[in-house]
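# Survey of secondary and tertiary structure
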Amino acid sequence: AAPAAAPASGAAAVRGEGSRLECACRSRARLMRLFSQQLMEAGTEFSVSDGLNLRMAGQTVRVSPASDREAIFIYAPEEKAACACRELLKKLED
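Residues numbered from 1 in each chain as written. Predicted model: local features only at pLDDT ≥ 70, side-chain atom pairs only at ≥ 80, totals over all residues. Heavy atoms only, no water.

## Digging into the overall build of the chain
Rule in force here: Secondary structure counts use DSSP, requiring at least four H or I residues in a row for a helix and at least two E residues in a row for a strand, with both numbered from the N terminus. Per-residue accessibility, obtained with a 1.4 Å probe over protein chains only, is compared with the maximum for each type, and a residue is labelled buried under 20%, exposed over 50%, and partly exposed between these values. Using a 1.4 Å probe, the Shrake-Rupley method yields the accessible areas, and only the shown protein chains count as cover for residues.
Across its full length, the chain carries two helices and six strands. When burial is assessed residue by residue, the chain has 41% of its 94 residues classed as buried. Entry remark: accessible area of the chain is about 5,600 Å², with carbon and sulfur atoms responsible for 50%.

Structure (structure tokens):
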């Protein structure tokens, strides 16, 4: 089942799945491409399945584009890992 939508504040505890953050962006396709390129250049292991799945801060984090707007969703067991990932995405877009 898909996680519930995040509130406007940006973070939501998703029952059984941890935290979901939304990162608004100018172009979700461009940002996902830049992010995956950065992961490859850094030698980070990740898989592609309904977005990018990677290990960050000792947790599995899933990063996927929104289907209906220019935004990226970040799912993680704990908000700390999701926030770290969101900061990386923001730096890439600047």
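## Looking at the packing of helix α1 (residues 28-41) against helix α2 (residues 79-93)
Spelled out, the test is: Lines fitted to C-alpha atoms define the axes here, with helix axes fitted over just the stretch in contact, and angles between the N-to-C directions of these axes take values from 0 to 180 degrees. Roughly parallel refers to an angle under 35 degrees, roughly antiparallel to one over 145, roughly perpendicular to one between 65 and 115, and oblique to any angle outside these ranges. Residue contacts follow a heavy-atom distance rule, with two residues in contact if any of their heavy atoms lie within 4.5 Å. Basically, the charged four are Asp, Glu, Lys and Arg, the nonpolar ten are Ala, Val, Leu, Ile, Met, Phe, Trp, Tyr, Cys and Pro, and anything else, Gly included, counts as polar.
Remark: α1 packs on α2, axes separated minimally by 10 Å, with the N-to-C direction vectors making an angle of 110°. Taken together, α1 and α2 sit at an angle that is classed as roughly perpendicular. Contact residues: Leu31, Leu34, Phe35 and Gln38 in α1; Cys85, Leu89, Leu92 and Glu93 in α2. When the residues that make up the contact of α1 with α2 are grouped by side-chain class, the tally is six nonpolar, one polar and one charged.

## What about the environment of Arg62?
Its location among the elements puts Arg62 in strand β5 (residues 59-65). Among the residues examined, Arg62 registers a relative accessible area of 18% and is labelled buried. Sequence separation between Arg62 and Ser49 is 13 residues, and the spatial gap between their C-alpha atoms is 9.0 Å. In this structure Arg62 touches Ser49, Asp50, Leu52, Asn53, Phe73, Ile74 and Tyr75, once residues within four positions along its chain are discounted.

## Considerations on the nonpolar core
Stated precisely, the cut-off is as follows: Here the nonpolar core consists of buried residues drawn from Ala, Val, Leu, Ile, Met, Phe, Trp, Tyr and Cys, with membership extended through side-chain atoms lying within 4.5 Å.
In this structure, Phe35, Val61, Val63, Ile72, Ile74, Cys85 and Leu89 are the most contacted members of the largest nonpolar core, which totals 20 residues. Those elements that provide at least two residues to this core are β2 (18-24), α1, β4 (52-56), β5, β6 (71-76) and α2. Looking at this core, the element that brings in the most residues is α2, giving five residues. Not counting residues within four places of it along the chain, the set of residues in contact with Ile72 comprises Leu21, Glu22, Cys23, Cys25, Arg28, Leu31, Met32, Val63, Ser64, Pro65, Ala66 and Leu89.

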